[in-house]
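Chains, contacts and geometry: an overview
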Amino acid sequence: MGQGEGSRATRSFAHPRLDSPSFKANPYPWYARLRAETPVYRTRPAFWLPPVWVVTRYDDVVRILKDDRLSKDYIDAFPWLPASTRPIYRNLLTVDPPDHTRLRSLVQKAFTPRLIERLRDRIQTWCDELLDRAAAHDRVDLIRDYAFPLPMTVIESLLGVPTNERDQFGPSAKKGAAAMSSARLRDFVRSVPAVWRLMRYVRDLIARRRADPQDDLISALIEAEESGDKLTETEIVAMVLLLLVAGFETTVHLIASGTLALLWRPEQRQRLEQNQDLLSSAIEEILRYMSPVEFATPRVALEPITIGSVTIPRGALVGAALGSANHDESQFPDPDTFDIARDPNRHVAFGLGAHFCLGAPLARLEGEVALPALFKQFPDLRLAVPTNMLRWRRSIALRGVEALPVVLRRNSAYH
């Protein structure tokens, strides 16, 4: 368990399951106690997963995210992964330099700011279309009808999935992405057929783009080259699956959780409506306050690492609690207050260092378009159920609700 005050304090109170809905509903009091009493502790997230050392203080999390004594190549810690699927898990999140350097330099050639920014008008159009459809109802599930279909449409368009094939792509993509971020063994097992269908479809689409390149990300990934080096087909498939987990699911929760935060704090919503110059700052505060990505993907200690009075042994998995770091009072004054004008706001919602999220500009763009469009169309938007009735999703890495029932009109019945 480690040594010193960390191990003694760990015995003083029971830790909740990191993926339990009750914990996800409000993890921040527990994080505050951990930061104060046992900022580094060992836990087993689920019976079928290996133990992880969880780091909770801001400064320690920053150190973990940048420390090259910690490897991102953690796949060998999961020997039960089928050999046939292991290559797809070796992506930007799970490899170290020089492999990571090579992959990132190639992917960056395709995933350019120009490619992202040119999506802005199309994202606005898709938002308006989704909200127009929602307007036919007094009450909707904002995730099902808005926060989910918008990022999925963006990813499908970015990848170049033909419109008439999206009914085939979408369901498999949703199941595969959800399973890869779940801590439940049954979710993983049940997702295997969907993941295989998704991989087969992506490989077929790659073959078509090799023969007939289009103006899309898959074609750009095929063409990306650095010093005579190119991405292999398996690396492109792995990148597509990574986009679905890191670039789609996180944005779903950014939009839904951003809506929640603004509904919970109507004075901040009014402040934003009165000053659109605060929009960018508001997105950053949503990322900090709600932390849609609650835990960074694990790292493996290449040698014993001492943090405070606790020594993490060589070969152990280490998890950086981004949600805890983003509420650390040593970095953020009054951290449990939602302040859309917070400055400075050095949150770690997208990670730090070499593995800083490549899709951060896209997620920010979607949030900056989706939230103003929603509240402009439905200025009387409100929750359709009490907050304590919201169901929080079972996931270690992500934090968000499973459904977000909202009432669109003031004269609708509350129920």
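Since this is a predicted model, take the numbers as computed values, not measurements.

When helices and strands are tallied, the protein shows 17 helices and twelve strands. Residues classed as buried in the protein amount to 57% of the 415 residues present. Partitioning the intrachain contacts of the protein with sequence separation of at least 6 by distance along the chain shows that 73% fall at a separation of at least 24. Approximately 17800 Å² of the protein is accessible, and the part contributed by carbon and sulfur atoms is 52%.

Looking now at the packing of aromatic side chains. A complete count under the given rule lists ten aromatic pairs for this structure. With a centroid separation of 5.2 Å and an interplanar angle of 75°, the aromatic rings of Phe148 and Phe248 are classed as edge-to-face. Here Phe148 is found in the loop between helix 8 (142-147) and helix 9 (149-159), whereas its partner Phe248 is found in helix 13 (residues 233-264), with 100 residues between them in sequence. Taken together, the ring pairs connect Phe23, Tyr28, Trp30, Tyr31 and Tyr41 into an aromatic cluster. Positioned above the aromatic ring of Phe332, the side-chain terminus of Arg288 is 5.3 Å from the ring centre.

With that settled, consider unusual backbone geometry. Following Pro97, the chain continues to Pro98 via a peptide bond in cis, the omega torsion being 5°. Positionally, Pro98 belongs in the loop between strand 3 (70-71) and helix 5 (99-110). Note the cis peptide between Asp343 and Pro344, where omega equals 0°. Of note, the phi angle at Asp334 is positive, near 50°, even though the residue is not glycine.

One open sheet holds the three strands; their spatial order is 4-12-11, and the pairing between them is antiparallel. Of all strands in the sheet, those with a lone pairing partner are strand 4 (139-141) and strand 11 (382-383), marking the two edges. Pairing analysis gives two bridges linking strand 11 to strand 12 (residues 405-407), with the strands arranged antiparallel. If you follow Leu383 over to strand 12, its bridge partner there is Val406.

Our next topic: the pairing of strand 2 (residues 52-55). The two faces of strand 2 match: Val52 and Val54 on one face and Trp53 and Val55 on the other face are all buried. Across four bridges, the pairing between strand 2 and strand 10 (residues 317-320) is parallel. Its bridge partner lying in strand 10, Trp53 is registered against Val318.

So, about the sheet that holds strand 10. Within the open sheet, the five strands sit side by side as 1-2-10-7-3. Their pairing is mixed. For this open sheet the edge positions go to strand 1 (40-43) and strand 3, each flanked by a neighbour on one side alone. Helix-sheet contacts for helix 4 (residues 58-66) involve strand 2, strand 3, strand 7 (299-301) and strand 10, and the interaxial angle to strand 10 is about 125°.

Before going further, it helps to examine the packing of helix 15 (residues 279-290) against helix 17 (residues 360-377). Packing of helix 15 against helix 17 brings their axes to within 10 Å, and their N-to-C directions diverge by 110°. Taken together, the axes of helix 15 and helix 17 lie roughly perpendicular to each other. Across from Leu279, Ser280, Ile283, Glu284, Ile286 and Leu287 in helix 15, the residues of helix 17 making contact are Arg364, Gly367, Glu368, Leu371 and Pro372. Split into classes, the residues belonging to the contact of helix 15 with helix 17 amount to six nonpolar, two polar and three charged.

To continue, consider helix 3 (residues 28-37). Here helix 3 has its buried residues at Tyr28, Trp30, Tyr31, Leu34 and Arg35. Down the axis of helix 3, the buried set is contained in an arc of 150°. They therefore lie on one face. The elements touched by buried residues of helix 3 are helix 2 (21-25), strand 1, helix 15 and helix 16 (322-325).

Core analysis: the largest hydrophobic core is formed by 95 residues, its most contacted members being Tyr146, Phe169 and Leu404. No other element matches the 17 residues that helix 13 contributes to this core. Excluding its chain neighbours within four sequence positions, the residues that come into contact with Phe169 are Met152, Glu156, Leu159, Val161, Leu198, Tyr201, Val202 and Leu244. Within the second largest apolar cluster, 22 residues are counted, among which are Val61, Val62, Leu65 and Ala301.

Before going further, it helps to examine the environment of Leu371. Topologically, Leu371 is positioned in helix 17. Looking at Leu371, the relative accessible area reads 3%, which means it is buried. Sequence separation of Leu371 and Thr259 is 112 residues, and the distance between their C-alpha atoms is 6.9 Å. Look past the residues within four positions of Leu371 in its chain and what remains in contact with it is Ile255, Gly258, Thr259, Ile283 and Ile286.

Rules behind the numbers
Residues numbered from 1 in each chain as written. Predicted model: local features only at pLDDT ≥ 70, side-chain atom pairs only at ≥ 80, totals over all residues. Heavy atoms only, no water. Helix = DSSP H or I, 4+ residues; strand = E, 2+ residues; numbered from the N terminus. Buried < 20%, exposed > 50% of the residue type's maximum accessible area, 1.4 Å probe, protein only. Contact = heavy atoms within 4.5 Å. Areas by Shrake-Rupley, 256 points an atom, 1.4 Å probe, with all protein chains shown as cover. Phe/Tyr/Trp six-rings, centres within 6.5 Å; stacked < 30°, edge-to-face > 60°. Lys NZ or Arg CZ within 6 Å of the ring centre and 35° of its normal. Pairing = 2+ DSSP bridges. Axes fitted to C-alpha atoms, helices over the stretch in contact; angles between N-to-C directions. Parallel < 35°, antiparallel > 145°, perpendicular 65-115°, else oblique. Nonpolar A, V, L, I, M, F, W, Y, C, P; charged D, E, K, R; others polar. Arc of directions from axis to C-beta. Core = buried A, V, L, I, M, F, W, Y, C linked by side-chain atoms within 4.5 Å.

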